[in-house]
Amino acid sequence: MAEEAAQKPRDEELQGDENGYCSGIRVQGMLFAYDGQVPLFVDFNLRISPGSRCLLVGANGSGKTTLLKILAGKHMVGGRDVVRVLNCSAFHDTQLVCSGDLAYLGGSWSKSVGSAGEIPLQGDFSAEHMIFGVEGTDPDRRDRLIELLDIDLQWRMHKVSDGQRRRVQICMGLLHPFKVLLLDEVTVDLDVVTRLDLLDFFREECEQRGATIVYATHIFDGLETWATHLAHIQDGELKRGEKLSDVGELKCSTNLLSVVESWLRSETKREKKNPFYQTPPVQKTAALASFPFVSSRHMAYYR
Ligand SMILES: Nc1ncnc2c1ncn2[C@@H]1O[C@H](COP(=O)(O)OP(=O)(O)OP(=O)(O)O)[C@@H](O)[C@H]1O
């Protein structure tokens, strides 16, 4: 009985509401491939409950950025039921992003120019011009972020350091009180004080407003006590998705870094032992051929 009671919150967390939808994030039976490539994700499932701070970990190329972009509605994947964020379809329900409820912070400020690809944004704008140009924001929240990120409003965006430019980008991305925030390694350029202050701000957003955060990173300092959940991806496959407190290895290890290091090292060893490990499974290609909805990069241009 006691055991049943202890299990209950977890079951509810997994089942979501009466429609079976979780108001955080739910990915069910997802298939995704880049144009002309074998699928990266096949029958991929993930649930992240509201209020969670979930770390997304995995080796280079394991699919973290791709997954975050899919959750951010930047790729059309499957029908409306496959990738659900806040009970909406991440791609189809454009008000998710337009309202600021779903926010994505990743990559660097750039624009795509035909065959030249991504080129950094250039132009003589002040930080003030950029930040105050975002309409409909709460002045108190804006002031708090400017102070937290130690932004000088007179900075000229083409003459600042990478870290300073990143602070302005982060500030703009956080001006609206998001409900779901997807972070792709955006704290990598920040100095340690700003990074820790920002992590505290994120924690507060989750605890006070019930916001949900998914954070892909390779830097684990200070995250043992910050994260509530952890998702480990390997080659597009979810190897683990659980509460941080349920990660057994953390109980007998000094820190998260060494635990993740041991997971990634065991992947590398497996690849070395089996030269065919990287061979795309035949069923992945077959699955793609039989699936009616594949991603469309062209559709993404309309976002
Ligand atoms: N635009 C693209 N077109 C084709 N393949 C891509 C594209 N972007 C990524 N990939 C491939 O998809 C796989 C997953 O890449 P992704 O960027 O999602 O990995 P990641 O886990 O974020 O890696 P990292 O830790 O290096 O940031 C890789 O094999 C990569 O080569």
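Computed from a predicted structure; not experimentally measured.

1. Some details on the overall build of the protein
Piece 1. Looking only at helices and strands, one finds 11 helices and 12 strands in the protein.
Piece 2. For the protein, with 303 residues in total, the buried portion stands at 32%.

2. Looking at the site of the ligand
Piece 1. Around the ligand sit Tyr34, Gln37, Leu40, Gly58, Asn60, Gly61, Ser62, Gly63, Lys64, Thr65 and Thr66, and those are all the residues in its vicinity.
Piece 2. When the residues that make up the shell around the ligand are grouped by side-chain class, the tally is 2 nonpolar, 8 polar and 1 charged.

3. Quick word on the sheet that holds strand β11 (residues 229–234)
In any sheet, the strands associate via hydrogen bonds between backbone groups, in a parallel or an antiparallel arrangement.
Piece 1. In space, the 6 strands of this open sheet follow the order β6-β9-β10-β3-β11-β12, with mixed pairing throughout. Edge positions in the sheet fall to β6 (102–106) and β12 (237–243), since each has one partner strand and no second. Taking each pair of neighbouring strands and ignoring which way they run, the sheet shows an average axis angle of 15°.
Piece 2. For strand β3 (residues 53–57) and β11, the ladder comprises 4 bridges, and the chain directions are parallel. In the sheet register, Val57 faces β11, and the bridge partner there is His232.

4. Some words on the sheet that holds strand β2 (residues 41–48)
Piece 1. Ordered in space as β2-β1-β4-β5, the 4 strands form an open sheet in which the pairing is antiparallel. Each end of this open sheet is capped by a strand with a single partner; those strands are β2 and β5 (88–89).
Piece 2. For strand β1 (residues 25–32) and β2, the ladder comprises 5 bridges, and the chain directions are antiparallel. The residue bridging Ile25 from the neighbouring strand is Ile48, located in β2.

5. Comments concerning unusual backbone geometry
Piece 1. In this model, Asn87 sits at a positive phi of 65°, which is unusual for a non-glycine residue.
Piece 2. Summarising the element assignment, Asn87 is placed in the loop between β4 (83–85) and β5.
Piece 3. Since 15 C-beta atoms lie within 10 Å of it, Asn87 is described here as partly exposed.
Piece 4. In the Ramachandran plot, Glu185 falls in the positive-phi region, its phi being about 50° despite a non-glycine side chain.
Piece 5. Under the C-beta neighbour-count criterion, Glu185 is labelled partly exposed, with 17 such atoms within 10 Å.

6. Topic: helix α7 (residues 192–209)
Because each turn of an α-helix spans 3.6 residues, side chains separated by three or four positions in sequence point in the same direction.
Piece 1. The end-to-end C-alpha separation of α7 is 25 Å, in line with the 26 Å expected for 18 residues at 1.5 Å each.
Piece 2. When we look at burial in α7, the residues that qualify are Leu198, Leu199 and Glu205. An end-on view of α7 places all buried positions within 115° of arc, on one side of the element. Those residues of α7 that are exposed and aimed more than 90 degrees away from the buried face are Val192, Val193, Glu204, Glu207 and Gln208.
Piece 3. The elements touched by buried residues of α7 are α5 (139–148).
Piece 4. Downstream of α7 by a residue or two, Gly210 has a phi angle that is positive, lying close to 70°.

7. A word on the nonpolar core
Piece 1. Ranked by internal contacts, the top residues of the largest apolar core, which has 67 residues, are Leu56, Leu71 and Val214.
Piece 2. Excluding residues within four positions of it along the chain, Leu71 makes contact with Ile25, Val83, Val85, Ala90, Leu182 and Val214.

8. Some thoughts on the confidence of the model for the protein
Piece 1. The pLDDT averaged across the protein works out to 82; a share of 76% of its residues lies at or above 70.
Piece 2. Averaged over each element, pLDDT in the protein is lowest for helix α1 (residues 2–15) (37) and highest for strand β10 (residues 212–216) (97).
Piece 3. The low-confidence segment residues 1–22, where pLDDT is below 50, has 13 contacts with residues more than four positions distant or belonging to other chains.
Piece 4. Taken as a whole, residues 293–303 scores under 50 in pLDDT and shows 16 contacts with residues more than four places along the chain or in a different chain.
Piece 5. Listed scores for the predicted complex are pTM 0.81 and ipTM 0.98.

Conventions and cut-offs
- Residues numbered from 1 in each chain as written.
- Predicted model: local features only at pLDDT ≥ 70, side-chain atom pairs only at ≥ 80, totals over all residues.
- Helix = DSSP H or I, 4+ residues; strand = E, 2+ residues; numbered from the N terminus.
- Buried ≥ 20, exposed ≤ 12 C-beta atoms within 10 Å, placed from the backbone.
- Near = placed C-beta within 6 Å.
- Nonpolar A, V, L, I, M, F, W, Y, C, P; charged D, E, K, R; others polar.
- Pairing = 2+ DSSP bridges.
- Axes fitted to C-alpha atoms, helices over the stretch in contact; angles between N-to-C directions.
- Expected span 1.5 Å × (residues − 1).
- Arc of directions from axis to C-beta.
- Contact = placed C-beta atoms within 7 Å.
- Core = buried A, V, L, I, M, F, W, Y, C linked by C-beta atoms within 7 Å.
- pLDDT = per-residue confidence, 0-100.

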